[in-house]
Amino acid sequence: MDTPNAAYWSQPPDTLFPQLDTTAQGLTTDQALQKLKALGLASLKPHKARAVLISFLNQFKNPLILILIFSVSVSALVGEWVDAGVVLIVIIGSTILSFVQEYNATNAVEKLLARVEIKATVLRDGKTVQVPTGSIVPGDIVHLSSGNLIPGDGVVLHTKDCYVDQAALTGETFPVEKKPGIIPETASIAERSNCLFMGTSVRSGTASVLIVHTGTQTAFGEIAQRLTLRPPETEFERGIRHFGYLLVQIILLLVLSVFAINVFAAKPPIDSLLFAIALAVGIAPEMLPVIVTVTLSAGAQSMAGNGVIVRRLNAIENFGNMDVLCTDKTGTLTEGSIQLNSSYDAQGQPSSEILLYAYLNAYLQVGMHNALDEALIASGKTLAAQAALYHLIDEIPYDFMRKRLSVIVAAPDGERHMLTKGAYESIITVCDRVLLEDGIAILDDARHEELDQRFAAWSAQGFRVLGLATDTVGQQETFEPEDERALIFRGFLLFFDPPKLDVRDTITDLATLGVQLKIITGDNPQVAQYITTQVGLTVMGTLTGKQLNGLRDEALWQIVEHTNLFVEVDPNQKERIIRALQKTGHVVGYMGDGINDAPALHVADVGISVDRAVDVAKEAADFVLLEHSLSVLRDGIIIGRKTFANTLKYIFTTTSANFGNMFSMAGLSLFLPFLPLLAKQILLNNFLSDLPGMAIASDNVDQEWIDKPHRWDVKLIRNFMIVFGLVSSVFDFLTFGVLLWLVNASQKEFRTGWFIESLLTELVIALIVRTRKPFFRSKPGRWLWWSTVVVAGLTLLLPYLPINTLFDFVPLPFTTLLLLIAITALYMIATEIVKHRFYQWMMPAAFRES
């Protein structure tokens, strides 16, 4: 049986085991595989085959495709079967092209994400193994510790000081404690203290949980099915939305005006309607969603080659736009290889006893080991035999409020001791005595001051200093944080993390790219100042967590602008600092790998974590680094800026060329006795011009797009579209004059000639406006160049191919063809001149720096 009673939280685990076909030893591997095959992955995403079908059907949700389908219907209703068939072929071709590109891009990104897959510790065949969280099934028993994401809904079997952050599900501000037990059937989610839920995370402590529901059957999955949950809108998405509003206004005005005027001029209403609809399709960059997806995917793959895995594609532009990067110093400014330097007693003398107690504290704890614990275990290997004589009784896990960890051990003589280590400030506050050479003494103000001076002196030398305290305790089996009081201060532990050798160059490179580096750390001011001095980072201002608490938001907005070192800050303060920077107009990146970094990663414009980070940090991040390095970030920023630049190139090219061509057609239709182009010719023009557009994703990018962060500017796009569209229209009307009066072209020759000229000008403008430099000084990408050459050649050959009648084309005289090529060459020269003047006029708007 795999379907337990709905109110599983009201039943004891022994009742649930048979309902889930499992035991206290967990599932067997075969059982787990059978369940996984029957139930699917424990994910909120649709099944792969279904996802592919949804992706294909979504292509038809594009408003522009719907407009085309409407035009096909109109043609079919009036018996224009050939026109309907041609437009339908264009729709199918465009849709398949869009789907294939998007499908390939999505597959590439999924392969990259698999490299940073989150795993869970489960009992299988009675042994603990690591499996991907998506492979968790009902009946699995999962072991959790601090920082773990919970992979499904279930009941806790065992816990130790387990506190869970379930704000995403219940809205509770603070972590809640979880314990085994039986809860009434009527209890709400927030009241089920014996349950853990998918989508939440362990803040501190440990737990074993029996999984009851996974995927869409979980409480979180049910909410996700009822609601359309989407992450906060990125700046680029907001720009795309505003750009869409601009297009809608232009399209509505143009289409309604052209249709009304043509009908008023007694032209066929159906042809006029199809012509107006084709104009709407022609002016809009209908391949923009595909171009954006392909460009972002190409950027993601390029980033992966540089050690950056992209978890959310739409954050790539924000990465490039980032102008402030906030990070801890560990692993970024320093090597991240923390080593124990020495252990001292309270009087500053080397002490092996302090090392033994610290080793026991790190080795015996069952929670999440951090870098300091690992350094202690590595340094204390010679103490293993001595440590084996001690036995763990209980543990008070580390949390970010207390900033300390205690283990209660039984010594060889049977006496029980509490061994507590942690941040010096948090240890000294729970001590009332100190062990000196001549015995235990009261920790009075003078002795407290002496200890503070030692701590400050070592910190100023760059050491991370922890305190250690002990005391004899009673024979009870369980202990709580309240028991950490009236301890004896025993000594100090000094750790050192050397600065990176190449970090000076990296900091200089980031500054060159227009990115400010701000350090946010829990360390004390002395350690932070030492490291920043060693790596050559000039400290403009320092702000402590205590000082930050005394500031109003308005005051903080002013201070963060001129402060680049924040010390002794807690997780909530990190989030507040980032929000203050955003409030002052910055695009802010945050780099972190710990549980306490999750809030800041969520709120930052660009959340960056590392492969070895805790689950909750990786899940909150937009990017995951395969190595903890600022140089990798520098490469990612450059790729992000290239991606942003290439996306804007496509928009510049298509909107200006399309607007010009459609404006020309709309204007000419008022005076010609026939429509200047048929609907199917407009759509073919648009389809062919999009083929080189796809290659813009891999185009080369000029250095000025890389040197500084750039921002989305709809006003710039609007002005660009109008100015260069009108330039295009001037040459369109020149073409009209040549065709009508110089060569006396027939109706079909006119349409053929103008089809060639309008498509050639759209192809060449891509090569010109892709750069602010003279076009011959900026080398285009290989794919863009050759796709432009091939489509241009096809355009010139199309009237002479056997399929020309399908589109109502006719062969043109050679002299007419030469005239069209000459007009295109003049257009190139004029566009280059206008481009130079345009950027002189629009330079502040075109390159707004953050």
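These numbers come from a predicted model, not from an experiment.

1. Points about the nonpolar core
Then comes step 1: Of all hydrophobic cores here, the largest spans 87 residues; its most connected members are Phe319, Leu325, Leu333, Ile608 and Phe623.
Then comes step 2: The dominant element in this core, judged by the number of residues it contributes, is helix H24 (residues 630-669), at eleven residues.
Then comes step 3: With near-sequence residues (within four places) excluded, phenylalanine 623 lies in contact with Met303, Val308, Ile309, Val310, Ala315, Ile316, Phe319, Val606, Gly607, Ile608 and Ser609.
Then comes step 4: Of all hydrophobic cores here, the second largest spans 30 residues; its members include Leu254, Leu688, Ala792 and Phe809.

2. So, the packing of aromatic side chains
Then comes step 1: Under the definition given, this model contains 22 aromatic pairs.
Then comes step 2: The interplanar angle of 45° and the centroid separation of 4.5 Å between the aromatic rings of phenylalanine 319 and phenylalanine 623 together place this pair among those described as tilted. Here the residue phenylalanine 319 occupies a position in helix H11 (residues 316-321), and phenylalanine 623 occupies one in strand E23 (residues 623-625), the gap between them amounting to 304 residues. Each member of the pair phenylalanine 319 and phenylalanine 623 is classed as buried.
Then comes step 3: Plain terms: the ring middles of tyrosine 424 and phenylalanine 489 are 6.0 Å apart, the flat faces sit at 90° to each other, and that makes the pair edge-to-face. Of this pair, tyrosine 424 sits in helix H15 (residues 424-428) while phenylalanine 489 sits in strand E17 (residues 487-496), placing them 65 residues apart in sequence. For the pair formed by tyrosine 424 and phenylalanine 489, the shared burial category is buried.

3. Brief notes about a nonpolar patch on the surface
Then comes step 1: Taken together, the side chains of Leu794, Leu797, Leu801, Ile803 and Leu806 present a nonpolar region at the surface, about 390 Å² in accessible area.
Then comes step 2: Inspection of the secondary structure assignment puts leucine 801 in the loop between helix H29 (782-797) and helix H30 (814-846).
Then comes step 3: The partly exposed category is assigned to leucine 801, whose relative accessible area is 30%.

4. Notes on the pattern of salt bridges
Then comes step 1: Within the structure shown, the criterion is met by 22 salt bridges.
Then comes step 2: Aspartate 140 is the partner of arginine 124 in a salt bridge, and the nearest nitrogen-oxygen pair spans 2.8 Å. One end of the pair, arginine 124, is in strand E1 (residues 119-124); the other, aspartate 140, is in the loop between strand E2 (127-132) and strand E3 (141-145), and 16 residues separate them in sequence.
Then comes step 3: The partner of aspartate 509 in a salt bridge is arginine 634, with the nearest N and O atoms 2.6 Å apart. In this pair, aspartate 509 is assigned in helix H17 (residues 503-512) and arginine 634 in helix H24, connecting sequence segments 125 residues apart.
Then comes step 4: Looking at aspartate 509, the relative accessible area reads 27%, which means it is partly exposed.

Thresholds, definitions, all that
- Residues numbered from 1 in each chain as written.
- Predicted model: local features only at pLDDT ≥ 70, side-chain atom pairs only at ≥ 80, totals over all residues.
- Heavy atoms only, no water.
- Core = buried A, V, L, I, M, F, W, Y, C linked by side-chain atoms within 4.5 Å.
- Buried < 20%, exposed > 50% of the residue type's maximum accessible area, 1.4 Å probe, protein only.
- Helix = DSSP H or I, 4+ residues; strand = E, 2+ residues; numbered from the N terminus.
- Contact = heavy atoms within 4.5 Å.
- Phe/Tyr/Trp six-rings, centres within 6.5 Å; stacked < 30°, edge-to-face > 60°.
- Patch = residues over 30% accessible without salt bridge, like charges linked within 9 Å, V, L, I, M, F, W, Y side chains within 5 Å.
- Areas by Shrake-Rupley, 256 points an atom, 1.4 Å probe, with all protein chains shown as cover.
- Salt bridge = Lys/Arg side-chain N within 4 Å of Asp/Glu carboxyl O.

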